[in-house]
Number of protein chains: 2
Amino acid sequence: MGVSRRRIRNLQPARPLRRLNINQEKHREVVAERSDKTTDTPTNTISEKKFYEILKPQSQCQSLAKTEYCPRVFNGTNKMASGFADEKNGKKCGRSPFVNNPHLDSMKEDILYHFNLNTGTLNFPAKFGDVKFVCVGGSPWRMKSFAEYIAGELGLAVPNAEYPNICESTDRYAMYKVGPVLSVSHGMGIPSISIMLHELIKLLYHARCTDVTIVRLGTSGGIGLHPGTVVITKQPMDATFLPRFEQVILGKSVVRSTELDGDLAEELLQCGKDLAEFDTVIANTMCTLDFYEGQARLDGAFCSYTEEDKQNYLAKAYAAGVRNIEMESSVFAAMCKLSNLRAAVVCVTLLDRQKGDQLSSSHDVLHSYQQRPQILVGHYIKKKLNASKKS
Amino acid sequence: MGVSRRRIRNLQPARPLRRLNINQEKHREVVAERSDKTTDTPTNTISEKKFYEILKPQSQCQSLAKTEYCPRVFNGTNKMASGFADEKNGKKCGRSPFVNNPHLDSMKEDILYHFNLNTGTLNFPAKFGDVKFVCVGGSPWRMKSFAEYIAGELGLAVPNAEYPNICESTDRYAMYKVGPVLSVSHGMGIPSISIMLHELIKLLYHARCTDVTIVRLGTSGGIGLHPGTVVITKQPMDATFLPRFEQVILGKSVVRSTELDGDLAEELLQCGKDLAEFDTVIANTMCTLDFYEGQARLDGAFCSYTEEDKQNYLAKAYAAGVRNIEMESSVFAAMCKLSNLRAAVVCVTLLDRQKGDQLSSSHDVLHSYQQRPQILVGHYIKKKLNASKKS
């Protein structure tokens, strides 16, 4: 049976295409015996003691499992010092802000694959060099809507104007720019936002941006809060209530700190007080890899626990200072910290998970809840830009 | 400083809204001391010995960490026996195919939140009852394109027809239906596909579907294969080359089998031979939580390892029978196994990761590579439907 060729034209490429980096290093040939036998390489997990040693504040250069990271010297204003020191080894790194990857230096061009942007064909400093605020959220529609909203707030709106999607040739992410504000979608879950952040951080680096603040705007399930409360994250925690993000690199487990910028959180809380329109609190946020079983929901395709088990789990989260649950904050905090980006997570709670898994509020009420992080962060951006004009 | 109310109308809700399930159980009130102190609850990881005990084939009811799962008795044709037995305890489960959640029985309606579909307002058996094949892939555009392609292949295409997106009121996922084929996008990464699969499995359950085959169509990085080779996954492996999917439920680590349907893989391989248009192999697939550091790429925002480290890691993967790397197969296999869905993963390799991280092929070549899983699975569906007409 043959396949009709007539229809093949309808198949579209899903991912943007990359071109060869002609300057890439010649890769060493690897010869290995073919085998279908699996190896029993266990994950080497970092000890808890070591983890807390690593989490000690002000330690700029941390030993993480087998790997050595050297974040840049941060002068407190997000401007990078001209020399970057590895405090542990006393060596100068000499690299640029945001990224930490010596291999980038040898690349003639860098293709931000999932944005479908290429440093070889786009002038990044001209296009993005003035970015001071990056707002990210799961939904492409919401981030377009936020771009339109912030344009109005900043007096940059043009009647009936369509804001172009900078990544329009791919459906992986959407990106909008309004003056100094970049609005970017990140999809759902840690892997999806992680890909976006790798490419966003490189975008800021290539564009030579400075003094950048980044905020995740999201929705979440609350614990012990009135629905509609806006939670500014104190620190993201994993599903065992530890303030950490664990990932596997070269088969080894690496634990990273999820510390966010405390001063920024306080400034955002003050914005909530300025507005006085809805409850705003600072609290810990639990970040999970799954929406149903991972958040103790009773309404997934599978559920092996009881209502009592669920309530006990949520009570433990509450006791650990967790007031809301979402799916991106831990890797967001970890990657922003590694990049020395001033970062915050602002999520509205759509329901109280101790009282149910489904939403009881009306469509209009839920709609208004979802606007609150945008309103809060819009107010913050406007306030900061007005202050910088006066100074 | 006030916030302009004029612009607030532009903010759109990002997630579909849920209505209260009025029949939901009354939830027990939980009282806990407020505290910001974190608790030191370690993840209880299942031992490797126990893990291999669990993985023993033909064990339908497995003890997974603290939880007990009772997959249904599978009669080999994906039709469920009328009584479902917990083989370990000898008890009848008596529940329906696909799902395994006693709480669903007490719900008057079920809102598939991220599809924005509701059993209370849509007749699921009428809308979806004839579905026999579900094809899923990361990109909404690609899944729309696949729907148009399969319509042509099956002779169901209407000239200039637009296939409506069944989930058009949300931008989380896209869904198209062409006769017995459902084409659904799942975004990028394990959490994103996991949310979609929970809701898809419930959709099939509510629609009373039978004899369903599900295939993930994707792109991947290859190891030791010519770019453009189509890999039918033998078994997904994690980043330490173990054939398992680990997730956290109620703060405890649960390990699930990633076994796929071997007969289906062989049938798909035969389709590759029938077509004789491109190389098709059966091999293990590594599934990671990150695209850059998690796949040993040298071009992310952060990279703390050398080219040699990368090559050593890829060589270990090769030795474990891994021939391609992607980001969704492990949870896909695990959830389909729990649901007794006949499942396969078919991904094309866009490059050989041992030779680089960026793509050297032209746009047209890469475009044609991305069509191969669709062509292969389109051929399979056509073949199966023709065979069923004859029998």
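Given the structure is predicted, the values throughout are model-derived calculations rather than measurements.

Asker: Account for the pattern of salt bridges, with residues named and values stated.
Answerer: All chains considered together, the criterion is met by 32 salt bridges over all chains. In this structure, the salt-bridge partner of Lys 382 of chain A is Glu 153 of chain A, at a minimum N-O distance of 3.8 Å. Residue Lys 382 of chain A is located in helix H8 (residues 363-390), and its partner Glu 153 of chain A is located in helix H3 (residues 140-153); the two are separated by 229 residues in the primary sequence. Each member of the pair Lys 382 of chain A and Glu 153 of chain A is classed as buried. Asp 357 of chain B is the salt-bridge partner of Arg 353 of chain B, the closest N and O atoms lying 2.9 Å from each other. Within this structure, Asp 261, Glu 267, Arg 342 and Lys 384 of chain A form a network of salt bridges that share partners.

Asker: Help me get a handle on the packing of helix H5 (residues 262-275) of chain B against helix H8 (residues 363-390) of chain B, residues and values and all.
Answerer: All names here are of chain B. Where H5 contacts H8, the two axes come as close as 9 Å, and the packing angle between them is 105°. Relative to H8, the element H5 is oriented roughly perpendicular. Contacts from Leu 264, Glu 267, Leu 268, Gln 270, Cys 271, Gly 272, Asp 274 and Leu 275 in H5 reach Ile 375, Leu 376, Val 377, His 379, Tyr 380, Lys 383 and Lys 384 in H8. Class assignment of the residues belonging to the contact of H5 with H8 gives a composition of eight nonpolar, three polar and four charged.

Asker: Go over the pairing of strand E14 (residues 280-287) of chain A with me, naming the residues and quoting the values.
Answerer: Residue and element names in this part refer to chain A. Counting buried residues in E14 gives six out of eight residues, a clear majority hidden from the surface. Here strand E11 (residues 230-237) runs beside E14; their pairing, made up of six bridges, is parallel. Its bridge partner lying in E14, Thr 233 is registered against Ala 283. The sheet contact formed by E14 and strand E15 (residues 322-326) spans four bridges and is parallel. Along E15, the bridge assignment pairs Asn 284 with Val 322.

Asker: Give a detailed account of the UniProt feature "binding site: phosphate" (unreviewed entry) in chain A, specifying residues and quantitative values.
Answerer: All names here are of chain A. When the UniProt feature table is mapped to this numbering, "binding site: phosphate" (unreviewed entry) covers Arg 172, Arg 216, Leu 217, Gly 218 and Thr 219. Looking at the element boundaries, Arg 172 is found in the loop between H3 and strand E8 (175-178). Turning to its location among the elements, Arg 216 is positioned in strand E10 (residues 213-222). For Arg 216, a relative accessible area of 2% gives the class buried. Leaving out residues up to four positions away in the same chain, Arg 216 has contacts with Val 136, Gly 137, Gly 138, His 186, Ile 193, Glu 326, Glu 328, Phe 332, Ala 344, Val 345, Val 346 and Cys 347.

Asker: Go over the packing of H3 of chain A against H8 of chain A with me, naming the residues and quoting the values.
Answerer: Residue and element names in this part refer to chain A. Taken N-terminus to C-terminus, the directions of H3 and H8 make an angle of 40°; their axes are 10 Å apart at the nearest point. For the element pair H3 / H8, the angle class is oblique. With respect to the hand of their crossing, H3 and H8 are arranged in right-handed fashion. Only Gln 370, Gln 374, Ile 375, Gly 378, Ile 381 and Lys 382 of H8 make contact with H3, whose side of the interface consists of Arg 142, Phe 146, Tyr 149, Ile 150 and Glu 153. Looking at the contact of H3 with H8 residue by residue, the class counts come to five nonpolar, three polar and three charged.

Asker: Hey, could you go over the pairing of strand E13 (residues 252-257) of chain A for me, with residue numbers and the actual values?
Answerer: All names here are of chain A. Within E13, five of the six residues are buried, leaving the element largely enclosed by the surrounding structure. Bridge analysis of strand E12 (residues 244-249) against E13 gives six bridges, and the strand direction is antiparallel. Its bridge partner being in E13, Gln 247 is matched across the sheet by Val 254. With antiparallel pairing between neighbouring strands as the criterion, E12 and E13 make up a hairpin whose turn holds two residues, including Leu 250 at a positive phi of roughly 55°.

Asker: Give a description of the environment of Lys 384 of chain A that names residues and reports values.
Answerer: Residues and elements named next belong to chain A. Relative to the helices and strands, Lys 384 is located in helix H8. Taking relative accessible area as the criterion, Lys 384 reaches 33% and is therefore assigned partly exposed. Once the C-alpha coordinates of Lys 384 and Asp 263 are considered, the two residues, 121 residues apart in sequence, prove to be 14 Å apart.

Asker: How would you sum up the environment of Lys 384 of chain B? Please name residues and give values.
Answerer: Sequence-wise, Lys 384 of chain B and Val 322 of chain B are 62 residues apart; in three dimensions their C-alpha atoms are separated by 29 Å. Apart from residues lying up to four places away in sequence, Lys 384 of chain B is in contact with Phe 133 and Glu 267 of chain B.

Asker: Pulling in residues and values, what's your account of the packing of aromatic side chains?
Answerer: Going through the model one piece at a time under the given rule, you end up with 14 aromatic pairs over all chains. For the ring pair Phe 241 of chain A and Tyr 313 of chain A, a centre distance of 5.4 Å and an interplane angle of 35° mean the geometry is tilted. Here the residue Phe 241 of chain A occupies a position in the loop between E11 and E12, and Tyr 313 of chain A occupies one in helix H6 (residues 307-319), the gap between them amounting to 72 residues. Each member of the pair Phe 241 of chain A and Tyr 313 of chain A is classed as buried. Residues Phe 291 of chain A and Tyr 113 of chain B carry aromatic rings whose centres are separated by 5.8 Å and whose planes lie at 10° to one another, so their mutual orientation is stacked.

Asker: Describe the side chain of Asn 165 of chain A, naming the residues involved and giving the relevant values.
Answerer: Residue and element names in this part refer to chain A. Structurally, Asn 165 is set in the loop between H3 and E8. A distance of 3.0 Å separates a polar atom in the side chain of Asn 165 from the backbone nitrogen of Met 175. Setting aside anything within four residues of it in sequence, one finds Asn 165 in contact with Tyr 173, Ala 174, Met 175 and Tyr 176.

Reading guide: rules and limits
- Residues numbered from 1 in each chain as written.
- Chains lettered and ligands numbered in written order.
- Predicted model: local features only at pLDDT ≥ 70, side-chain atom pairs only at ≥ 80, totals over all residues.
- Heavy atoms only, no water.
- Salt bridge = Lys/Arg side-chain N within 4 Å of Asp/Glu carboxyl O.
- Helix = DSSP H or I, 4+ residues; strand = E, 2+ residues; numbered from the N terminus.
- Buried < 20%, exposed > 50% of the residue type's maximum accessible area, 1.4 Å probe, protein only.
- Axes fitted to C-alpha atoms, helices over the stretch in contact; angles between N-to-C directions.
- Parallel < 35°, antiparallel > 145°, perpendicular 65-115°, else oblique.
- Contact = heavy atoms within 4.5 Å.
- Nonpolar A, V, L, I, M, F, W, Y, C, P; charged D, E, K, R; others polar.
- Pairing = 2+ DSSP bridges.
- UniProt positions renumbered as here; feature names shortened; annotations may be inferred.
- Left-handed = near helix turned anticlockwise from the far one by under 90°.
- Phe/Tyr/Trp six-rings, centres within 6.5 Å; stacked < 30°, edge-to-face > 60°.
- Polar contact = N/O pair within 3.5 Å; in protein donor to acceptor, adjacent residues only side chain to side chain.

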